[in-house]
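# Residue-level structural notes
Read off the chains here:
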Amino acid sequence: MIQTLGIVDACFHTDKERRRAAGRLHGKSVLEWVSRRATDCQQLDGVIVVTTADPANDFVKDLVPLDVPVFAAEADDILFLWVKALEAYPCEKFVRFETVCPFVDRFLVDRLVKEARRLPEPADYVGYRTQDGTPAMLSSAVLYGELVLTKTLHRLNEKLRSAEDRQHPTRYIYTHPDRFRVHWIPVPEKLDRRDIRLVLVNEDDWEVHQIIVDTLGPDCDGHHIAGLIEGCPSLRRQMEAINLGAGHEGFAAQHNLTDPHSVRRPR
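Let us look at the structure shown here. Just so you know, these numbers come straight off a predicted model, no measurement behind them.

This paragraph deals with the pairing of strand 5 (residues 70-73). Side chains Phe71 and Ala73 of strand 5 all project onto a buried face; the interleaved residues Val70 and Ala72 project onto a face where none is buried. Inspection of the sheet shows strand 4 (residues 46-52) paired to strand 5 by four bridges, in the parallel sense. Following the sheet pairing, Val49 is matched in strand 5 by Val70.

With that out of the way, let us pick up the sheet that holds strand 5. Across the sheet, seven strands lie side by side as 5-4-1-6-8-7-9; this open sheet has mixed pairing. Lying at the two open borders of the sheet, with one neighbouring strand each, are strand 5 and strand 9 (182-186). Strand-to-strand twist across the sheet, computed as the mean angle between neighbouring axes with direction ignored, equals 30 degrees. Here two bridges tie strand 7 (residues 125-129) to strand 8 (residues 146-149), and the two strands are oriented antiparallel to one another.

Enumeration over the complete set of coordinates arrives at eight aromatic pairs. When the ring of Trp82 is compared with that of Phe94, the centres are 6.2 Å apart and the planes differ by 70 degrees; the resulting orientation is edge-to-face. Of the two residues, Trp82 is situated in helix 4 (residues 78-88) and Phe94 in strand 6 (residues 91-97); the sequence distance between them amounts to 12 residues. A residue is classified by how much of its surface remains accessible, and Trp82, at 2% relative accessible area, is buried. Put simply, the rings of Tyr125, Tyr174 and Trp184 pair up and form one aromatic cluster.

A few words on helix 2 (residues 30-39). Counting buried residues in helix 2 gives seven out of 10 residues, a clear majority hidden from the surface. Among the residues making up helix 2, those that are buried are Val30, Leu31, Trp33, Val34, Ser35, Arg37 and Ala38.

With their axes 11 Å apart at the nearest point, helix 9 (residues 203-216) and helix 10 (residues 222-231) run at an angle of 105 degrees to one another. If you check the angle between helix 9 and helix 10, you find them roughly perpendicular. Every residue of helix 10 that contacts helix 9 at Ile212, Thr215 and Leu216 is listed here: His224, Ile225 and Leu228. Its residues assigned to classes, the contact of helix 9 with helix 10 comprises four nonpolar, two polar and no charged.

Take the nonpolar core next. Buried together is how nonpolar side chains tend to be arranged in soluble globular proteins. Counting 87 residues, the largest nonpolar core has Val50, Phe94, Phe97, Phe103, Tyr144, Leu198 and Ile212 as the members making the most contacts within it. Counting residues per element, this core draws most heavily on helix 4, which supplies seven residues. For Phe97, the contacting residues outside a window of four places in its chain are Gly6, Ile7, Val8, Asp9, Val34, Ala38, Leu44, Val104, Val109, Tyr144 and Gly145.

Residue position: Asp77 is located in the loop between strand 5 and helix 4. For Asp77, a relative accessible area of 14% translates into the label buried. With 13 residues separating them along the chain, Asp77 and Pro90 place their C-alpha atoms 20 Å apart. With residues near it in sequence (within four places) discarded, Asp77 still touches Arg166 and Gln167. A distance of 2.8 Å separates a polar side-chain atom of Asp77 from the backbone nitrogen of Phe80. A polar atom in the side chain of Asp77 sits 2.6 Å from the side chain of Arg166.

Analysis parameters
Residues numbered from 1 in each chain as written. Predicted model: local features only at pLDDT ≥ 70, side-chain atom pairs only at ≥ 80, totals over all residues. Heavy atoms only, no water. Buried < 20%, exposed > 50% of the residue type's maximum accessible area, 1.4 Å probe, protein only. Helix = DSSP H or I, 4+ residues; strand = E, 2+ residues; numbered from the N terminus. Pairing = 2+ DSSP bridges. Axes fitted to C-alpha atoms, helices over the stretch in contact; angles between N-to-C directions. Phe/Tyr/Trp six-rings, centres within 6.5 Å; stacked < 30°, edge-to-face > 60°. Parallel < 35°, antiparallel > 145°, perpendicular 65-115°, else oblique. Contact = heavy atoms within 4.5 Å. Nonpolar A, V, L, I, M, F, W, Y, C, P; charged D, E, K, R; others polar. Core = buried A, V, L, I, M, F, W, Y, C linked by side-chain atoms within 4.5 Å. Polar contact = N/O pair within 3.5 Å; in protein donor to acceptor, adjacent residues only side chain to side chain.

So, in structure tokens, the structure goes:
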């Protein structure tokens, strides 16, 4: 059994999600961007891509780098699918990545894993959150992963009955800090701002991402992106306008939230 596995979540249910994953930046699909950046994380012992057996998701295998295994299975919900994947690829804990943001930052992911290892007692969930208490995975800059103990996921699979909770198992963990050990890491100050947007929800987002790649190149990380945004007021205003408009609501809807800041504040 390995210690820490990276899981790229490619369990797409809508054509919009599939188009985003297949969309290309700098000649590579977003799914390839996320998969390759996950494999670049030095603190991960392996990376897999997890998807459903839905024929509409067969394209996933064609977009993932050849050295990254793809696990696909029939499942009624995301929680059960992840459990099946972790039975096939046993590990003590895993880091989940979404495909809503191609700019996964390996330095921040490595810090996430190191922080989890340093804790005196293992945490069920380790993740980043903003200064106002918003989990970073629900923010408009998803450069991060979120770490979960495998045994915690198995426990959830045995106990959770709500279809909604089973579709969002990590969110269930961090919104119930009275039941789970949750550890938060502050989002770096340069990235903790409302005028930054690094998610792909609408056409305006694609334009912003293309500007970033054209300016910084394909190896850009959160530190350099933050520097670009700080030094480019027009790009900053463009991102802020999208966040304040329909794009921000679209990202919330993707998580089945009315407002991405509406989750119960962790203690």
